[in-house]
Amino acid sequence: MEERPVDEFDYGRAVYEPLTQSVRQLIDATIRTEVGEDTVAKVQALVDEGARLLSERLVPESFGVQYTRDGRGMPWGNAIIGLRNPIAPPLVIERNRDGSVWCDVELGAAYEGPPGCLHGGISALILDQLLGATAHRPAQPAFTGTLTVRYQRPTRLGRVHGEARVVRHDGVKTYAVGHLENGEGIMVVAEGVFVRPAGRA
Ligand SMILES: CCCCCCCC/C=C\CCCCCCCC(=O)SCCNC(=O)CCNC(=O)[C@H](O)C(C)(C)COP(=O)(O)OP(=O)(O)OC[C@H]1O[C@@H](n2cnc3c(N)ncnc32)[C@H](O)[C@@H]1OP(=O)(O)O
């Protein structure tokens with residue numbers, strides 16, 4: 001079997017992240033463009049050619065979490081944090097010493113629900129990942145059992161700050177809370193129960 005280079009995380013990141021970023025720009029421009037139909041048709045042909053080239057070799061199914069030889073996880077297809085997923089903003093989750101987490105993310109036209117505002121499902125997606133990340137412990141995966149989201153005020157598109165922390169553990173269950181805020185205050189709050197599935201460490 002071919003030896004995997006130790007720095008394959010950095011290598012993969014250098015190769016694929018710029019492509020993902022370009023596709024993110026393409027998504028934004030696709031939504032907001034006002035060019036004429038000839039240009040749209042021309043771009044469509046270019047995009048189709050790009051998709052054809054990339055499809056010459058594909059993993060058989062979804063990306064999953066691939067691991068480098070030194071054990072670093074690459075959840076690069078993930079819908080919200082995926083480095084190779086153009087529909088992911090992506091969310092970069094930072095962890096404090098006490099295990100709580102936070103993120104700052106810029107959310108544009110691709111995440112719109114009510115005009116000019118963040119789609120509620122996207123808020124829930126961000127909070128699911130944030131609360132899940134703080135509930136998750138190494139070698140103790142915790143699935144979202146229940147996520148309750150309260151939308152207090154419409155969140156304008158743009159810069160959003162999120163935070164989450166664990167409030168208690170009860171056997172296989174971990175209870176976490178979190179919120180999304182921006183310059184206008186706290187917009188969305190969430191609480192969740194994360195369950196370590198039966199039969200897992
Ligand atoms: C995700 C793991 C990944 C690990 C990978 C490593 C990298 C991680 C890096 C970074 C963190 C990432 C963070 C991820 C963020 C995103 C998370 C998601 O979106 S997860 C997808 C959506 N969620 C599902 O698809 C679950 C589907 N449901 C199930 O699989 C089961 O129903 C499960 C595991 C939730 C429970 O099944 P049972 O058979 O293990 O549990 P029973 O024995 O029935 O119950 C145990 C206890 O839990 C409570 N419970 C069960 N289900 C519950 C629920 N849905 N809500 C609340 N409590 C529940 C029960 O009442 C019971 O409590 P009593 O011990 O009696 O006090």
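Residues numbered from 1 in each chain as written. Predicted model: local features only at pLDDT ≥ 70, side-chain atom pairs only at ≥ 80, totals over all residues. Heavy atoms only, no water.

Draft legend 1. Layout of the pairing of strand β7 (residues 173–182). Where burial is concerned, most of β7 is hidden: seven out of the 10 residues are buried. The sheet contact formed by strand β6 (residues 158–170) and β7 spans nine bridges and is antiparallel. Bridged to Ala164 within β7 is Gly178. Hairpin connection of β6 to β7: two residues between the antiparallel strands, including Gly171 at a positive phi of 65°. As paired elements, β7 and strand β8 (residues 185–195) share 10 bridges and run antiparallel to each other. Along β8, the bridge assignment pairs Thr174 with Phe194. Hairpin connection between β7 and β8: a loop of two residues separates the two successive antiparallel strands. (Buried < 20%, exposed > 50% of the residue type's maximum accessible area, 1.4 Å probe, protein only. Helix = DSSP H or I, 4+ residues; strand = E, 2+ residues; numbered from the N terminus. Pairing = 2+ DSSP bridges.)

Draft legend 2. Summary view of the environment of Leu26. Along the chain, Leu26 falls in helix α1 (residues 8–32). Look at Leu26 and you get partly exposed, because its relative accessible area is 32%. Residues Leu26 and Pro86, spaced 60 residues apart in sequence, show a C-alpha to C-alpha distance of 9.3 Å. Every residue in contact with Leu26, bar those within four places of it in the chain, is listed here: Val43 and Val47. (Contact = heavy atoms within 4.5 Å.)

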